[in-house]
Amino acid sequence: MLRQDTIAATATPFGMSGIGIIRISGPDALAIARRVFKPSGGKCAWKSHCLYHGDIVSADGKTVLDEVLISFMRKPRSFTGEDVIEINCHGNPIILQAILTNLQELGCHLARPGEFSERAFLNNRLDLSQAEALSALICAKSAKAYAMGLTQLKGSLSKEIDDLRLLLIDALAMLESAIDFTEDVSGEKIPDVPPQINQTLHRVQSLLLSYRSSRAYTEGISVIITGKPNVGKSSLLNALTGRKKAIVTDIPGTTRDLITDTIIIDGIPVHLIDTAGIREPQNAIEKEGINLVWESIADADGLIILLDISKPLTEEDRIIIDKNKSANIIAALNKIDLSRAWEEKTVKSLFPDHAKILEISAKTGAGLEELKKTIIHLSVNDETESTDGAIITNLRHKLALEKACKNIENAKESIASGMSAEFAAFDLREALDNLDEITGKKINNEILDKIFSSFCIGK
Ligand SMILES: Nc1nc2c(ncn2[C@@H]2O[C@H](COP(=O)(O)OP(=O)(O)OP(=O)(O)O)[C@@H](O)[C@H]2O)c(=O)[nH]1
Ligand SMILES: [Mg+2]
């Protein structure tokens with residue numbers, strides 16, 4: 001896809017700042033720059049990757065618009081792979097707009113969001129996963145999210161995908177030689193599952209696991225506090241956030257709506273949700289509130305089931321525990337500042353093995369630091385060791401990897417069940433296509449447009 005036009009856009013945010021940058025990219029970038037730039041001392045060698053001082057003048061050459069530093073990056077050694085000019089002017093939107101208008105008069109088109117990155121991708125300066133990492137890095141909301149974007153920009157995921165491709169191509173070659181052989185010698189057996197298939201499957205699964213942790217850093221996790229009325233759910237929300245967001249009373253059934261607040265734990269935004277106490281509803285409002293709890297539990301990343309250790313366990317507690325066995329559960333035994341009606345071991349058998357059991361007091365704050373650590377362990381894991389630090393942070397990549405994973409599993413199954421190697425070969429080719437979607441080796445233009453249009457202008 002050849003792009004012949006020259007584009008320009010402001011690369012710095014709208015507002016007053018010391019410096020504002022305008023970028024120009026395309027075949028006419030240098031010719032246009034020559035028209036608007038008047039170098040101090042009258043001469044400019046336009047050496048690539050050098051800075052020159054001078055004035056930017058209007059398209060007719062009559063008006064000085066600003067005093068600037070300008071640089072030229074000759075293709076292909078530029079971000080887009082095309083000739084690129086960067087004008088460092090003063091950071092006032094009036095100045096930037098005036099320069100841009102004059103550049104348009106000289107034939108520049110205003111760049112669409114992400115168009116510089118799109119050109120970089122089309123000119124093979126970076127692959128699609130790196131372009132997406134760049135966008136994620138610019139939008140990162142935590143230091144960890146930024147670090148993950150940077151690692152991916154440097155090619156960690158691209159390399160892992162390339163390695164996986166090579167393994168699959170090896171496996172495919174083995175299968176294809178088996179197919180050729182079978183044609184010659186009728187009844188020849190299909191080989192065992194090639195080791196490359198198992199290796200690829202393991203590494204794809206590790207990558208998929210990394211999504212949960214990375215998503216925690218980029219978007220945060222949602223944790224619901226549930227339990228029967230009066231166990232201290234709202235008190236716990238307030239204690240964890242340090243704010244009086246939810247009403248606390250000793251009347252069971254105080255909370256009706258979902259009450260949400262966010263805290264940052266170890267760089268991860270944790271969206272805590274306090275809920276109505278679950279019991280046989282006493283009226284229509286409470287019923288609505290309890291319905292809301294069940295709906296939101298289904299979408300949550302984690303669940304704190306709160307029990308009141310100062311009162312005997314009841315049927316209501318047991319129902320809540322039974323209905324949430326498969327979730328990511330923390331069982332928090334609250335009110336340990338009061339005398340205990342039962343011990344921790346009493347509830348152990350009620351919860352599944354994967355549940356974490358903690359003792360806390362929302363009133364005194366006891367056990368809350370431990371609870372915060374446990375919340376983070378719900379969502380962050382270190383299961384990425386076999387992928388050389390490559391992780392996935394992007395939903396598009398996750399969906400493509402899930403498809404590839406399914407293809408590889410299908411290939412494995414058909415070999416194991418003695419089917420013709422043709423079937424497995426077909427699945428492995430599909431897996432390759434799905435991996436190629438991630439790096440953009442194989443992707444349709446509509447998806448490309450959609451991806452790049454979500455980038456910022458000037459990137
Ligand atoms: N002693 C003690 N009291 C607590 C603790 N946590 C909460 N309480 C008290 O328990 C009562 C109920 O607290 P809430 O936080 O309103 O309970 P809830 O689970 O939100 O109740 P509903 O909204 O009705 O479902 C209040 O009187 C709190 O002060 C605790 O750790 N120790
Ligand atoms: Mg409450």
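Sequence order sets the numbering: in each chain, residues are counted from 1 along the sequence as written. Both sets of labels track the order of writing: A upward for chains, 1 upward for ligands. Totals for whole chains, interfaces and linings use all residues, but because this is a predicted model, local features are given only for residues with pLDDT of at least 70 and pairs of side-chain atoms are given and counted only at 80 or more. Note that the side-chain values use all heavy atoms of the structure and ignore hydrogens as well as water.

**Quick word on the layout of surface pockets**
- Of the two site types, the cavity is a set of points on a 1 Å grid over the protein atoms alone where a 1.4 Å probe fits but cannot get out, and the pocket is an open set with protein on both sides within 12 Å along at least five of seven lines, each lined by residues with an atom within 4 Å of a point. Grid points are joined across faces, edges and corners, and a volume is the space filled by probe spheres set on the points. The space that makes up the largest pocket amounts to roughly 650 Å³.
- Taken together, 23 residues form the lining of the largest pocket, with Glu-132, Thr-393, Asn-394, Leu-395 and Ser-454 sitting closest to its centre.
- At the level of elements, α4 (128-139), α5 (143-153), α7 (195-219), α13 (395-416) and α15 (445-453) are the ones that each hand at least two residues to the lining of the largest pocket.
- Per-element accounting of the lining of the largest pocket gives the leading share, five residues, to α4.
- Partitioned by chemical class, the residues of the lining of the largest pocket number 10 nonpolar, seven polar and six charged.
- Space inside the second largest pocket adds up to approximately 420 Å³.
- Only DSSP runs of H or I covering at least 4 residues are called helices, and only runs of E covering at least 2 are called strands; the numbering of each starts at the N terminus. Sorting elements by how many residues they give to the lining of the second largest pocket places helix α8 (residues 233-241) first, with three residues. Residues are grouped as follows: nonpolar covers Ala, Val, Leu, Ile, Met, Phe, Trp, Tyr, Cys and Pro; charged covers Asp, Glu, Lys and Arg; every other residue, Gly included, is treated as polar.

**Section: the site of ligand 1**
- Think of it this way: one heavy atom of a residue within 4 Å of a molecule or strand is enough to make that residue near it. As a structural note, the neighbourhood of ligand 1 is formed by 23 residues, with Lys-233, Ser-235, Gly-253, Thr-254 and Asp-337 the closest of them.
- Polar contact criterion, stated in full: a pair of N or O atoms within 3.5 Å, where within protein one must be able to donate a hydrogen and the other to accept it, and residues adjacent in sequence count only if both atoms are side-chain atoms. The side chain of Ser-235 places a nitrogen or oxygen atom 2.5 Å from an oxygen atom of ligand 1.
- Between Thr-249 and ligand 1, the recorded distance is 3.3 Å, taken from a backbone N or O atom to an oxygen atom.
- In these tables, accessible area is a Shrake-Rupley quantity obtained with a 1.4 Å probe, and a residue counts as shielded only by the protein chains included in the view. In isolation ligand 1 exposes 650 Å². Once the protein is present, 89% of that is buried.
- Counting residues per element, the shell around ligand 1 draws most heavily on α8, at three residues.

**Section: the pattern of salt bridges**
- By definition, a salt bridge exists where a carboxyl oxygen of Asp or Glu is found within 4 Å of a side-chain nitrogen of Lys or Arg. Scanning the entire structure with this criterion turns up 29 salt bridges.
- Across the pair Arg-429 and Glu-176 runs a salt bridge whose closest N-O atoms are separated by 2.7 Å. Of this pair, Arg-429 sits in helix α14 (residues 421-439) while Glu-176 sits in helix α6 (residues 156-184), and the two are 253 residues apart along the sequence.
- We call a residue buried when its accessible area falls under 20% of the maximum for its residue type, exposed when it is over 50%, and partly exposed in between, using a 1.4 Å probe and counting protein chains only. By relative accessible area, which is 31% here, Glu-176 ends up partly exposed.
- Among the ionic pairs, Arg-215 bridges to Glu-219, the shortest N-O distance being 3.8 Å. Here Arg-215 and its partner Glu-219 are both found in helix α7, four residues apart, which amounts to about one turn of the helix.
- Residues joined in a network through salt bridges with shared partners are Asp-5, Glu-82, Arg-112, Glu-115, Glu-118 and Arg-119.

**Digging into the side chain of Asp-274**
- Its place among the elements puts Asp-274 in strand β10 (residues 268-274).
- Within this scheme the basic residues Lys and Arg register as positive and the acidic residues Asp and Glu register as negative, but His and the chain ends are omitted. Salt bridges are absent for the buried Asp-274, whose nearest opposite-charge side chain, Lys-233, sits at 5.7 Å.
- Side-chain polar atoms of Asp-274 contact the side chain of Ser-234, separated by 2.6 Å.
- Ignoring any residue separated from it by four or fewer positions in sequence, one finds Asp-274 in contact with Ile-225, Lys-233, Ser-234, Leu-237, Ala-246, Thr-255, Asp-257, Leu-258 and Ile-259. Residues count as neighbours in contact if any of their non-hydrogen atoms are within 4.5 Å of one another.

**Overview of the coordination of the magnesium ion (ligand 2)**
- Donor atoms from the polypeptide that coordinate the magnesium ion (ligand 2) comprise Ser-234 (OG) and Thr-255 (OG1), at 2.0 Å from the metal. Of this pair, Ser-234 sits in helix α8 while Thr-255 is found in the loop between α8 and β9 (259-265), placing the two residues 21 residues apart along the sequence. For the pair formed by Ser-234 and Thr-255, the shared burial category is buried. For Na, K and Ca the donor cut-off is 3.2 Å, and for all other metals it is 2.8 Å, counting N, O and S atoms only; because water is absent from this set, sites may look incomplete.

**Thoughts on the environment of Asn-198**
- Residue position: Asn-198 is located in helix α7.
- The exposure class assigned to Asn-198 is partly exposed, which follows from its relative accessible area of 33%.
- For the pair Asn-198 and Lys-412, spaced 214 residues apart in the sequence, the C-alpha separation amounts to 8.0 Å.

**Concerning the state of the cysteines**
- Put simply, a disulfide is two cysteine sulfurs that come within 2.5 Å. Across all of its chains, the model carries zero disulfides by this definition.
- Looking at Cys-108, it has no disulfide partner, and the nearest cysteine sulfur is the one in Cys-89, 14 Å off.

**A short note on the sheet that holds strand β12 (residues 329-334)**
- We call two strands paired when DSSP finds no fewer than two bridges between them. Spatially, β9-β10-β8-β11-β12-β13 is the arrangement adopted by the six strands of the open sheet, whose pairing is mixed. On the outer flanks of this sheet lie β9 and β13 (356-359), each paired with one strand and no other. With strand direction ignored, the average angle separating the axes of adjacent strands in the sheet is 25°.
- Where β12 meets β13, four bridges bridge the pair, whose relative direction is parallel. In the sheet register, Ala-332 faces β13, and the bridge partner there is Leu-358.
- Working convention: axes come from line fits to C-alpha atoms, limited for helices to the stretch in contact. Angles between N-to-C directions cover 0 to 180 degrees. Contacting β8 (221-226) and β11 (302-308), helix α9 (residues 284-299) runs over the sheet at an angle of about 145° to β8.
- On top of the sheet, helix α12 (residues 368-379) reaches β8, β9, β10, β11, β12 and β13; it is set at about 170° to β12, its chief contact.

**Some words on the packing of aromatic side chains**
- Between rings of Phe, Tyr and Trp, where Trp is taken as its six-membered ring, a pair exists when centres lie within 6.5 Å; planes separated by under 30 degrees are stacked, by over 60 edge-to-face, and by other angles tilted. All chains considered together, the criterion is met by four aromatic pairs.
- Ring geometry for Phe-37 versus Trp-46: centroids 5.6 Å apart, planes at 70°, classification edge-to-face. Side by side, Phe-37 and Trp-46 carry an identical accessibility label, which is buried.
- With centroids separated by 6.1 Å and ring planes inclined at 40°, the aromatic side chains of Phe-121 and Phe-452 adopt a geometry described as tilted. With a gap of 331 residues between them, Phe-121 in helix α3 (residues 115-122) and Phe-452 in helix α15 connect regions that are remote in the sequence.
- Here Phe-121 falls in the buried class, since its relative accessible area comes to 9%.
- Taking the relative accessible area as the measure of exposure, Phe-452 reaches 0% and is therefore buried.

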